[in-house]
Amino acid sequence: MAKTEIPTDIKEVSDLPGVGTQAAEKLNTAGYKTLESIAIASPAELMEAAGLGEITATKAIKAARDSLDMGFESADKLAEKRKLIGKITTGSKALDELIGGGVESQSITEVYGKFGSSKTQLCFETAVTVQLPVEKGGLNGNCLWIDSENSFRPERIIQVAEYLKLDSQKVLKNIFVARAYNADHQSILAEKASELVKEKNIKLVIVDSLTSQFRAEFIGRGTLSDRQQKLNKHLRVLAKLAEMSNVAVLVTNQVMDRPDILFGDPTAPIGGNIVGHAAKTRLYLRKSKESKRIAKLVDSPSLPDGECIYTITENGVEDAKDKE
Ligand code: GTP
Ligand code: MG
């Protein structure tokens with residue numbers, strides 16, 4: 001091990017240097033219940049939440065990070081960690097293949113496209129398939145769903161579950177849905193997710209949609225930098241959650257028209273580079289004929305770009321029957 005100073009005696013928030021029982025309680029009330037949540041917080045956040053001084057807050061964050069062994073890792077350890085990456089089937093073999101076997105844990109997958117392009121349908125499908133055993137394309141785990149558009153529909157979950165011959169009531173019980181009422185609320189839900197992830201055996205975190213609240217709130221403002229900054233922070237929380245808890249994070253995103261693009265497809269995902277850099281896998285979804293949809297893999301660091309066709313039926317996401 002490269003590091004020699006990793007404190008092994010830090011197991012919970014109250015063990016952190018300078019954090020007494022009282023401060024730990026305050027942190028707890030403010031939602032900082034785990035070392036992970038402290039490790040990804042900023043000093044200012046802890047100062048506000050528990051009245052810690054800046055030096056104490058900085059020390060506590062450092063100690064939390066060290067105890068979790070964050071920071072540099074040797075490549076062999078990284079390789080070990082990558083072996084733990086799980087993959088969740090999308091319901092379509094063609095789509096699974098396109099993205100290297102399914103929606104991966106340890107990173108963010110973004111699906112973007114126009115309305116009706118099947119972003120939410122993919123969320124319904126994976127919220128169910130993540131519950132399958134590994135040999136059937138699942139991760140034997142549960143789903144946490146942050147819903148910012150009020151688009152979660154239990155009826156669709158039931159349809160998908162029944163098609164897969166699963167007990168639909170059980171499947172519904174394993175999906176934990178939270179409505180996000182504004183951008184700040186959405187960010188807080190993501191920050192709180194790390195506790196629930198452990199408690200409820202969560203293997204998939206869905207944010208549908210990632211950007212709509214941010215977009216609505218900052219519309220008409222002279223500058224986009226506030227929005228981008230908030231969005232960036234939200235994405236960092238989600239990326240850490242994916243990496244540290246070995247869960248898959250699936251986010252949906254809308255597109256906007258880009259009048260400056262004269263040739264090719266004049267649409268671009270919201271959030272631009274900030275979302276682009278945070279998401280390891282980006283899929284651009286488009287409507288095709290009838291129930292068919294086209295997925296395009298964009299800018300993957302490890303897979304060739306490509307496209308595939310799948311279909312949306314009552315049963316969920318499936319391979320397209322006839323290949324036109
Ligand atoms: P926005 O959230 O509006 O941006 O769109 P989205 O990309 O999330 O769209 P969504 O995933 O909700 O897809 C909606 C489309 O899925 C509908 O227009 C239908 O074409 C299709 N769909 C939804 N339910 C069913 C169903 O039960 N049967 C079939 N055949 N298609 C369905
Ligand atoms: Mg949707």
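**Details of helix H8 (residues 154–163)**
Along an α-helix, a turn takes 3.6 residues, which lines up residues three or four apart on a common side.
Stage number 1. Those residues of H8 that sit buried are Arg156, Ile157, Val160 and Ala161. Down the axis, H8 shows its buried residues gathered within 135 degrees of arc, on one side only.
Stage number 2. Elements in contact with the buried residues of H8: helix H7 (119–129), helix H9 (168–173), strand S5 (175–179), strand S12 (306–313) and strand S13 (316–319).
Stage number 3. Lys165 sits one or two positions beyond H8 and adopts a positive phi of about 60 degrees.

**A look at the site of ligand 1**
Stage number 1. The immediate surroundings of ligand 1 are formed by 14 residues, with Gly116, Ser118, Lys119, Thr120 and Gln121 found nearest.
Stage number 2. In the model, an oxygen atom of ligand 1 is placed 2.7 Å from a nitrogen or oxygen of the Thr120 side chain.
Stage number 3. The separation between a nitrogen atom of ligand 1 and a polar main-chain atom of Ile312 is 3.3 Å.
Stage number 4. Look at ligand 1: alone it shows 670 Å² of surface, and the protein chains cover 64% of it.
Stage number 5. Those elements giving two or more residues to the shell around ligand 1 turn out to be H7 and S12.
Stage number 6. Sort the elements by how many residues they give to the shell around ligand 1 and H7 lands first, with three residues.
Stage number 7. When its residues are assigned to classes, the shell around ligand 1 shows two nonpolar, six polar and six charged.

**Quick notes on the pattern of salt bridges**
Stage number 1. All told, the structure shown has 12 salt bridges when counted by the stated rule.
Stage number 2. The partner of Glu104 in a salt bridge is Lys280, and the shortest N-O contact between them spans 2.9 Å. A residue pair is termed long-range when its members are at least 10 positions apart, and Glu104 in strand S2 (residues 103–104) and Lys280 in strand S10 (residues 279–287) qualify at 176 residues.
Stage number 3. Under the relative-accessibility criterion, Glu104 is labelled buried at 9%.
Stage number 4. When its relative accessible area of 23% is taken as the criterion, Lys280 is described as partly exposed.
Stage number 5. The shortest N-O distance in the salt bridge between Glu110 and Arg282 comes to 2.4 Å. Of the two residues, Glu110 is situated in strand S3 (residues 108–113) and Arg282 in strand S10; the sequence distance between them amounts to 172 residues.

**What to know about the side chain of Thr109**
Stage number 1. Within the element layout of this structure, Thr109 appears in strand S3.
Stage number 2. Judged by relative accessible area, Thr109 falls into the buried class, the value being 2%.

**Observations regarding the domain arrangement of the protein chain**
Stage number 1. Taken domain by domain, the protein chain comprises domain 1 (13–68) and domain 2 (81–319).
Stage number 2. Using only C-alpha atoms to locate each centre, domain 1 and domain 2 end up separated by 30 Å.
Stage number 3. Of the residues lining the interface, eight residues belong to domain 1; the matching set on domain 2 comes to nine residues.
Stage number 4. Across the domain 1 to domain 2 interface the summed buried area is about 790 Å²; carbon plus sulfur atoms make up 56%.
Stage number 5. Per-residue buried area on domain 1 facing domain 2 is highest for Glu36, Ile40 and Glu45; these three make up 57% of the total on that side.
Stage number 6. Summed over the shared surface of domain 1 and domain 2, the number is three salt bridges.
Stage number 7. Glu195 is the salt-bridge partner of Lys33, the closest N and O atoms lying 3.7 Å from each other.
Stage number 8. In this assembly, domain 1 and domain 2 are joined by two residue pairs in polar contact (both at pLDDT 80 or more).
Stage number 9. Partitioning the side of domain 1 that touches domain 2 into residue classes produces two nonpolar, three polar and three charged.

Parameters at a glance
- Residues numbered from 1 in each chain as written.
- Chains lettered and ligands numbered in written order.
- Predicted model: local features only at pLDDT ≥ 70, side-chain atom pairs only at ≥ 80, totals over all residues.
- Heavy atoms only, no water.
- Buried < 20%, exposed > 50% of the residue type's maximum accessible area, 1.4 Å probe, protein only.
- Helix = DSSP H or I, 4+ residues; strand = E, 2+ residues; numbered from the N terminus.
- Arc of directions from axis to C-beta.
- Contact = heavy atoms within 4.5 Å.
- Near = heavy atom within 4 Å.
- Polar contact = N/O pair within 3.5 Å; in protein donor to acceptor, adjacent residues only side chain to side chain.
- Areas by Shrake-Rupley, 256 points an atom, 1.4 Å probe, with all protein chains shown as cover.
- Nonpolar A, V, L, I, M, F, W, Y, C, P; charged D, E, K, R; others polar.
- Salt bridge = Lys/Arg side-chain N within 4 Å of Asp/Glu carboxyl O.
- Domains from an automatic or database assignment.
- Buried area = accessible area lost by both parts, 1.4 Å probe.

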